[in-house]
Amino acid sequence: RNRRLRPVSRKRIERQLVDVGERLQALREEAAITAEQLSQVASEADDARLRAIVADTPLARSEHGDARRSADTLGRHHERVLAEVAELEARQDELLDELTALHG
């Protein structure tokens, strides 16, 4: 009976490893894209801050606030993506340990 369970478990683990690997690849790509976008949006927010200081008008302050909120929102999204990458990397390690234990 033990021999019958091992191939099923191995196949299940291998399937999960493929799924996790594909998801990791997609999330890493998303993280790279959002990092680039975040750099641009943060730079725009900094520019808007300087314009608000120099112009000292309600419109300039409003534009700065909008730009800062956009940068903050994108930053939070980027952090969530990075956290999900870390979780999936940990899951991938667990699955590899399980697969190694089956062969051990």
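See the structure printed just above.
What counts and what doesn't
- Residues numbered from 1 in each chain as written.
- Predicted model: local features only at pLDDT ≥ 70, side-chain atom pairs only at ≥ 80, totals over all residues.
- Heavy atoms only, no water.
- Helix = DSSP H or I, 4+ residues; strand = E, 2+ residues; numbered from the N terminus.
- Buried < 20%, exposed > 50% of the residue type's maximum accessible area, 1.4 Å probe, protein only.
- Salt bridge = Lys/Arg side-chain N within 4 Å of Asp/Glu carboxyl O.
- Expected span 1.5 Å × (residues − 1).
- Core = buried A, V, L, I, M, F, W, Y, C linked by side-chain atoms within 4.5 Å.
- Contact = heavy atoms within 4.5 Å.

(A) Unusual backbone geometry, seen in detail. For D56, which is not glycine, the phi dihedral falls at a positive 50°. Tracing the chain through its elements places D56 in the loop between α1 (2-55) and α2 (58-103). Judged by relative accessible area, D56 falls into the exposed class, the value being 54%.

(B) View of the pattern of salt bridges. In this structure the tally under the stated criterion is nine salt bridges. Residue R23 is joined to E84 by a salt bridge in which the shortest nitrogen-to-oxygen separation is 3.2 Å. A residue pair is termed long-range when its members are at least 10 positions apart, and R23 in helix α1 and E84 in helix α2 qualify at 61 residues. Judged by its relative accessible area of 37%, R23 is partly exposed.

(C) Looking closely at α2. The first and last C-alpha atoms of α2 sit 68 Å apart over 46 residues, in line with the 68 Å expected at 1.5 Å per residue. Those residues of α2 not exposed but buried are A60, G65, A67, A71, L74, G75, H78, V81, V85, L88, L95 and L99.

(D) Structural detail: the nonpolar core. If you look at the biggest cluster of nonpolar residues, it comprises 11 residues: I13, L17, V20, L24, L27, A31, V81, V85, L88, L95 and L99. At the level of secondary structure, the elements contributing two or more residues to this core comprise α1 and α2. V41, A45, A48 and A71 belong to the second largest nonpolar core, which has six residues in total.

(E) Spatial organisation of the environment of A55. Along the chain, A55 falls in helix α1. Owing to a relative accessible area of 40%, A55 belongs among the partly exposed residues under this scheme. Between the C-alpha atom of A55 and that of E44, which follows or precedes it by 11 residues, the distance is 16 Å.

(F) Up close: the side chain of H78. Here H78 shows up in helix α2. Once residues lying within four places of it in the same chain are set aside, the contact partners of H78 are A31, T34, A35 and L38.

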